[in-house]
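Below, each chain spelled out in residue letters.
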Amino acid sequence: MFSSIRIANKSRALFAGSQGLKACASQRLGKCGKLDGDQSSVNVSFRRPISGKSFNVPPSAEFVARVSGIATMCKLPFQETADGLDAAFVGVPIDTGTSNRPGARFGPRHIRAESAMIRAYCGWTRAAPYESIKVADIGDINVNLFDLKDTCKKIQEAYRKIVATGCIPLTLGGDHTIAYPILQAVAERHGPVGLIHVDAHADTSDMILGEKIGHGTPFRRCVDEGLLDCKRVAQIGLRGSGYSPDNYEWSRGQGFRVVEAVECWHKSLVPLMEEVRSQMGSGPVYLSFDIDSLDPAFAPGTGTPEIAGLTPIQGLEIIRGCRGLNLVGCDLVEVSPPYDTTGNTALLGANLLFEMMCVLPKVKYY
Ligand SMILES: [Mn+2]
């Protein structure tokens, strides 16, 4: 038998008088998903059942239809602020920093829609996030679609409040510009952080079209402002044509470890991540995952695709290889739904965010 947590009887008080979906109030949150004990049904509201303990538990699709309800990340409860949370999913819907195909402003809502498939446990790794950390969806940052610099200011201010509570932000992008103001807020709390940056591009340009802020410049700005512990930065998956013979010279010059995609071809990345973990040590680490790190065969719905990229399996190996690190924030950026005709890119993004939640500190494993 496996142990379980319950949507406890006492939490029924939360359902009282509410309207909406019919669901079982007492259920085992387990791999088999069988009912445990009382099988009576009650009405639950769109504020989904909250466990009797301190954790949020999304409703199981065995009892509540996947397609029902307002789309939140992983069908978790929505709350206005990060108060009381160990981790929060938060959307940053911009594409005004994009240099090529737009559309990433629609990323958060499509990732949320595709996340309805995701169940409570990570079946491969036996992670049980909802038994160990309190997570909710705290909605989107209210960005300024007409002014990217103002947007950055708004993101920084919002993230300052999120991290001030001790909550770990799991960000749904949005184009990669957002990593800069997020890291401003994160480094303000934690000091210069280690960075695991998974991407087809280094995103270290100084200027694009005369502008300092854009989705090709965030990590250059971060270095300018001392937000990164440069000896603890790893960039993985870089590839494609460049502006110079060695496109990654600047990164190496800062002390970053650069792992080009060609070094990853045909390989498991488990050994690489062992090295990355020792590079990161015990200090705070931020994980920034651009969906364009993956091959466009798997993730075509993105703004600046590059051929011959990583596989979803390698993406999972990278994220799972972050287990044990002192992660203080994660993002998944550059999903562009207009170019994602099958929804597979958003589905990948949703699953990668779930996997990020599963490797956060304090998450229980069976
Ligand atoms: Mn990027």
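Residues numbered from 1 in each chain as written. Predicted model: local features only at pLDDT ≥ 70, side-chain atom pairs only at ≥ 80, totals over all residues.

A. Fine view of the overall build of the protein chain. Along its length, the protein chain carries 10 helices and 12 strands. When burial is assessed residue by residue, the protein chain has 53% of its 366 residues classed as buried. (Helix = DSSP H or I, 4+ residues; strand = E, 2+ residues; numbered from the N terminus. Buried ≥ 20, exposed ≤ 12 C-beta atoms within 10 Å, placed from the backbone.)

B. Examining helix α2 (residues 107–114) more closely. For α2, the buried fraction is high: 6 of the 8 residues fall into the buried class. Those residues of α2 that are buried are in contact with β3 (87–92), β5 (135–140), β6 (168–173) and α10 (344–358). (Contact = placed C-beta atoms within 7 Å.)

C. Quick peek at the nonpolar core. Membership of the largest hydrophobic core comes to 99 residues, with the highest contact counts inside it found for Ala87, Ala88, Val186, Leu327 and Leu353. Here the element with the most residues in this core is α10; it accounts for 10 residues. Excluding residues that lie within four positions of it along the chain, valine 186 makes contacts with Tyr159, Val163, Val193, Tyr286, Val328 and Gly329. (Core = buried A, V, L, I, M, F, W, Y, C linked by C-beta atoms within 7 Å.)

D. Quick look at the pairing of β3. Most of β3 is tucked away: 6 of the 6 residues are buried. Residues of β3 alternate between two faces, with Ala87, Phe89 and Gly91 on one and Ala88, Val90 and Val92 on the opposite face, all of them buried. Alignment of β3 against β5, held across 4 bridges, turns out to be parallel. Within the sheet, the bridge partner assigned to alanine 87 lies in β5 and is valine 135. Here 6 bridges tie β3 to β6, and the two strands are oriented parallel to one another. Bridging from a neighbouring strand, valine 92 pairs with glycine 173 of β6. (Pairing = 2+ DSSP bridges.)

E. Layout of helix α8 (residues 270–280). Every buried residue belonging to α8 is among Leu272, Met273, Val276 and Met280, and all of these are buried. In a view along the axis of α8, the buried residues occupy a sector of 95°, so they form one face of it. The exposed set on the far side of α8, more than 90 degrees from its buried face, consists of Val270, Pro271, Glu274 and Ser278. The secondary structure elements touched by the buried residues of α8 are β7 (193–198), β8 (228–238), β9 (257–260), β10 (284–290) and α9 (312–320). Following α8 by one or two positions, glycine 281 has its phi on the positive side, about 60°. (Arc of directions from axis to C-beta.)

F. Looking closely at the sheet that holds strand β11 (residues 326–333). With respect to topology, 8 strands assemble into an open sheet ordered β5-β3-β6-β11-β10-β7-β8-β9, the strand pairing being parallel. Single-partner strands in this sheet number two, and they are β5 and β9. Within the sheet, the average angular offset between the axes of one strand and its neighbour, ignoring direction, is 15°. Pairing analysis gives 5 bridges linking β7 to β10, with the strands arranged parallel. Paired with isoleucine 196 across the strands is leucine 287, a residue of β10. (Axes fitted to C-alpha atoms, helices over the stretch in contact; angles between N-to-C directions.)

G. Fine view of the packing of helix α3 (residues 148–164) against helix α4 (residues 179–190). Where α3 contacts α4, the two axes come as close as 8 Å, and the packing angle between them is 35°. α4 is crossed by α3, and the crossing has right-handed handedness. Residues Cys152, Ile155, Gln156, Tyr159, Arg160, Val163 and Ala164 of α3 pack against Tyr180, Pro181, Ile182, Gln184, Ala185, Val186, Glu188 and Arg189 of α4. Class assignment of the residues belonging to the contact of α3 with α4 gives a composition of 10 nonpolar, 2 polar and 3 charged. (Left-handed = near helix turned anticlockwise from the far one by under 90°. Nonpolar A, V, L, I, M, F, W, Y, C, P; charged D, E, K, R; others polar.)

H. Representation of unusual backbone geometry. Omega for the bond connecting glycine 173 with glycine 174 falls within 30 degrees of zero, at 5°, which places this linkage in the cis form. Here glycine 174 shows up in the loop between β6 and α4. One non-glycine residue with positive phi stands out, namely leucine 209, at about 50°. With respect to the helices and strands, leucine 209 occurs in the loop between β7 and α5 (218–224). Given 7 C-beta atoms within a 10 Å radius, leucine 209 is considered exposed. In this structure, histidine 266 takes a positive phi of about 65° despite not being glycine. With respect to the helices, strands and loops of the structure, histidine 266 is situated in the loop between α7 (261–264) and α8.

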